[in-house]
Each structure stands twice: as structure tokens, then as C-alpha cells.
Amino acid sequence: MRMKQLAACALSFGMVLSLGGCSYTGGKRIVRISHAQSEEHPEHQGLLKFKEVIESKLGDKYEVQIFPNELLGSAQKAIELCQTGAIDFVVAGTANVETFEGDYEIFSMPYLFTSREAYHEVMSDVDYMSKLYNSTDQSGFRVLTWFDAGVRNFYSTKKIETPEDMKGQKIRVQQSPASVTMVQALGAAASPMSFGETYTAIQSNVIQGAENNELALTNNKHGEVAKYYTYTQHQMIPDVLLGNTKFLQSLSDDEYAIFMEAAHDATELEMSEWDKAIEEAYNYAKDVQGVEFITVDIEPFRQKELSVQEDMIERNPGIEEMYEHIQEVNKKYDSAKEGD
Ligand code: GCU
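A. Spatial organisation of the site of the ligand. Taken together, the neighbourhood of the ligand is formed by Gln37, Gly93, Ala149, Arg152, Arg172, Gln174, Phe195, Asn212 and Asp239. Between the ligand and Gln174, the relevant distance is 3.4 Å, taken from an oxygen atom to a side-chain nitrogen or oxygen of the residue. Asn212 places a side-chain nitrogen or oxygen 3.0 Å from an oxygen atom of the ligand. Looking at the shell around the ligand residue by residue, the class counts come to 2 nonpolar, 4 polar and 3 charged.

B. Structural context of the environment of Thr232. If you trace the backbone, Thr232 turns up in strand E10 (residues 228-235). Exposure remark for Thr232: the relative accessible area of 0% places this residue in the buried category. C-alpha of Thr232 to C-alpha of Arg302: the two residues are 70 residues apart in sequence and 8.7 Å apart in space. Not counting residues within four places of it along the chain, the set of residues in contact with Thr232 comprises Tyr111, Arg152, Asn153, Phe154, Val296, Ile298 and Phe301.

C. Molecular detail of the domain arrangement of the protein. When cut into domains, the protein gives domain 1 (2-149 + 237-278) and domain 2 (152-236 + 288-335). The C-alpha-based centres of domain 1 and domain 2 are spaced at 24 Å. Facing 42 residues of domain 1, the contacting portion of domain 2 comprises 44 residues. Three residues, Met109, Tyr111 and Tyr128, lead the burial of domain 1 against domain 2; their summed loss comes to 21% of the area buried on that side. Run the count over domain 1 and domain 2 and you get 2 salt bridges. Glu121 is paired through a salt bridge with Lys332; the nearest N and O atoms lie 2.8 Å apart. Counting the contacts that link domain 1 with domain 2 gives 18 residue pairs in polar contact (both at pLDDT 80 or more). Of all the elements in the fold, those that place two or more residues in the side of domain 1 that touches domain 2 are helix H4 (94-97), helix H5 (116-124), helix H6 (126-133) and helix H11 (253-287).

Conventions used here
- Residues numbered from 1 in each chain as written.
- Predicted model: local features only at pLDDT ≥ 70, side-chain atom pairs only at ≥ 80, totals over all residues.
- Heavy atoms only, no water.
- Near = heavy atom within 4 Å.
- Polar contact = N/O pair within 3.5 Å; in protein donor to acceptor, adjacent residues only side chain to side chain.
- Nonpolar A, V, L, I, M, F, W, Y, C, P; charged D, E, K, R; others polar.
- Helix = DSSP H or I, 4+ residues; strand = E, 2+ residues; numbered from the N terminus.
- Buried < 20%, exposed > 50% of the residue type's maximum accessible area, 1.4 Å probe, protein only.
- Contact = heavy atoms within 4.5 Å.
- Domains from an automatic or database assignment.
- Buried area = accessible area lost by both parts, 1.4 Å probe.
- Salt bridge = Lys/Arg side-chain N within 4 Å of Asp/Glu carboxyl O.

So, in C-alpha cells, the structure goes:
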């Protein structure tokens, strides 16, 4: 029933949006933001900060409206709507952006980052990232900032302790060819679908599992239907806040600076909420949903992905420079650990 209501809702928003691009209320330009998470998710909190900063400084001109839960469509659909200007901003995983700009595929590479510290350092380097962020103007959007989306791990209705356990299982992945290959390299079948479809697919045994950070168990209720969560730590895929290029170019320099400041503050807030949210999700999933968390040796999983890494670079040479850069940052933290 809830899904039907959401679908109906999405349809009516779809109709409103298809009537034309931007709209106004009381003389203010409405700025629409779409994302796939629930209102409890740290990203939603971050976006509330974005809204607060913009409205406190430019409230006479802009009203920011946030649409959570894929209400305006799945991530891929929302990005398309952002390209045309029907939505002004979207938060989406980079796995959804790679079909629009191939360089974003780097983040889908399994076992790319070897520590969260390296991941955070690379992503927080605003100068380094801005080249990539501004590379999609010709596609109608550009990235303003990133959000931490944690570490991705497999969860399933069947226990996974070694790659062998994955044989015969069908696992949902994001709509990214690299993630399909990643799951196949472990001997499982991959089923790409939108985030919102995953719960029902597990529940009806169309798939046995998926992979995500711990919040998917609680915020998206996947822990109700999949009871084994295995720390394979195979990907750290950031989410990004992307905005329609024409809209961003229509802003004055001062306004643009305020939107960028708001984006920066949104990231800071989201990151400061993240660890607490993960801890709460872990406790709730374990104690209330009855999910078993399984720690494994990740080496056998990583070994199976080495050829996937090589193939990705060969197939998409555009990602090599970033790959090398990330290896350098990885080394810094790996050697610090070895020195402990
Ligand atoms: C995470 C991520 C989302 C992404 C989702 C998915 O929740 O934050 O951006 O859409 O994973 O697996 O689809």
C-alpha cells in the first residue's frame, strides 16, 4: 500500500514537473532537491542545513524544497530530471553518475580505498575533486560537494563468510556495470535495480541479498528481510550533490558563493552525524531486527577483485590518473598502520 501511495505521489509530482521547469511561490524561486534516503538519514539532515543556509541569506529570493525517499524518481531518473532543469539538485551515489560521465566509475572499483582515512582525505580535497566535479557541464549538471556514504558490505538471507558462499545467490547492485562485474567475480549473479526496489525483491526471494552501508538495514528496513550482514568492505562509494548547470550559472557571483557555502556546511553536518547514525543502525539491526553481523577475512574477497580492477583501467583509461592518486593516499595510511 505504501509503495502504491508513493508511486501515485511520484506520478503526480512527475506531472507537475512535466508541466515545465522552474516554479515560483510568493515571488520566490522554488529550488527542488531530490534524494533517495529517508528523513532520518544524515544526508537529509545535511540538506536541511543546505536549506537553512540558503534561506537565511537569500530567503527573499529562494525557497528550498527537499523531496526524500525517491519521491521524484530513482537516482537515475532524478539525474535526468536535473539535466533538463525540472529538478535543481539531486543527491545520488556516484555509481549513478558514471553512466553520464565515465570518470566517476573510479569509485565503483572494488577495494579501491584501503582505509576510511584515505577515502576521506581524497574526497575532502576540494581542489583535487573540482576538476572532476566540473567535468559534466556539457551534460547539464555539475557536482557541488560529496556526502559520506560509508563502507559497503554484503547482506543476505543466506550467510556469507567466504566468496564460495556467494555461489548461487543473486545480489542486487547499483545500476553500474563495474558493480555487476564485481559481484560476478565473486561467483554470484548480479541484479542491477534501483535502491527503492530492493526491499521487495529480497522479501519475495527474487534476489537473496544486496550490498550497502548499515543504514540500509534500518532506514530502508532491509534488515527485516535479510538477516546476515558480512563486513566484506568491498567499496566506499560517495554520494554527491549535483545541480543543474544552467540554474547555477544563472546565479550572481555572491549567490553562487552562498550556494557553495551551503553545500560545504551540508557536508560537514552530514559527516558529523555519520558515525553516530551507523552505531545506532548497528544496534537496532542487531537487537531489534535480529541481524547477525559477521566479521570475515576480506583477503579472499579482495583477491577475486584484482582482475576486475585491472580490467576497469584497461577499459576506461580516463580513471587511471585518479587510481594512481588514490594509491598514493592509501599508502600513507597503510604504512602508518604497519608502523603501529
Ligand atoms: C547508499 C547511497 C545511495 C545509493 C544507495 C544504493 O544508500 O547512499 O546514494 O543510492 O546506497 O545502493 O542505491
